[in-house]
Structure formats: structure tokens, C-alpha cells
Amino acid sequence: MEVRKPNFPAAHVEYFKSYGWTLKEYEAVNTYESGSLLLSKEHYDLLVNEGKLDLAPCASKDIIESGYDLEETVGPYNDIIGYIVECEGKTIGGYLTLQTETLHGDIYDITTGPTVPIVNREDALRSIP
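Quantities reported herein were computed from a predicted structural model and do not represent experimental measurements.

Description of helix α1 (residues 10-18)
The set of residues buried in α1 consists of His12, Tyr15 and Phe16. Seen along its axis, α1 keeps its buried residues to an arc of 90°; they face one direction. Set apart from the buried face of α1 by more than 90 degrees, the exposed residues are Ala10, Lys17 and Ser18. Looking at the buried residues of α1, the elements they touch are β1 (23-32), β2 (63-70), β3 (79-87) and β4 (90-104). Backbone geometry just after α1 places Gly20 at a positive phi near 90°.

Shown next, in the form of C-alpha cells:
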């Protein structure tokens, strides 16, 4: 049986590759229509404060946030989700959500770790305990 890899947007593959990360599978794609991201204050604050993204230029524009499970692991985090955030076809930036997945029987237990700005994988290996 042939396993087919997902057809990821080339720009997303290159973006993550430039930081040393490899896309494994889609996690989620969220589209926030003009100004609607501001209505989700908790998520907006996460992007700005933990992801270190400057969303001000896109506050009244559509924002697309695409998430991917990444192939690599860092420290105790064996499930890393990388996000790329775009506005008007341009990349605003990205961030990583670090998680630990543990299989208990046939159920996964997911422990969410920190959210950090996207960093080069080599830097992450040195700086994330």
C-alpha cells in the first residue's frame, strides 16, 4: 500500500524548512475575517504575547492561521504544532505549540506545554528544557 504525503502549500513547506522544521500533517486552518480575531481576545493575546506576532497592520484584514504537526521533537515535547500566520497573502510570522503525547491503552493523553515564537530548530534544542 502506497502512503501519500499531503500536498502542503510550497510557501509553508519552505517557511518551516528555513527554520529547520519538517511538516508531517495538517493540524488546522483557521480563517479570521476582517477584524474577527480581535473578538477572540484570548487567542489574539496568545499570538501577540507568546507568539510575538505583530498583528496591528492586519487588524482590519482577513488573517489565515495554518497549523501543522511537525516531524521533529524537542526535549520532552514529542508533539510540536507549528503555525504560520498570513495576511493578504504575506506571512506575518509563526509560532510553535509544544505538547507531550502519551498513549494510555488506545487513548492519547495530551499535555500542553508552552507556546513560543518560531525559532530555528537548533536554537530550540538548546533553549527549550
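Here's the deal with the pairing of β4
Look at any regular strand and the pattern is simple: side chains alternate between the two faces of the sheet. Pairing analysis gives nine bridges linking β3 to β4, with the strands arranged antiparallel. Its bridge partner being in β4, Glu86 is matched across the sheet by Thr91. Hairpin connection of β3 to β4: two residues between the antiparallel strands, including Glu88 at a positive phi of 50°. Bridging between β4 and strand β5 (residues 107-117) involves nine bridges; their strand directions are antiparallel. Across the sheet, residue Thr102 finds its bridge partner in β5, namely Asp109. If you look at the hairpin formed by β4 and β5, you'll find two residues sitting between the two strands, and Gly105 has a positive phi there, around 70°.

Cut-offs used in this document
- Residues numbered from 1 in each chain as written.
- Predicted model: local features only at pLDDT ≥ 70, side-chain atom pairs only at ≥ 80, totals over all residues.
- Heavy atoms only, no water.
- Buried < 20%, exposed > 50% of the residue type's maximum accessible area, 1.4 Å probe, protein only.
- Helix = DSSP H or I, 4+ residues; strand = E, 2+ residues; numbered from the N terminus.
- Arc of directions from axis to C-beta.
- Contact = heavy atoms within 4.5 Å.
- Pairing = 2+ DSSP bridges.

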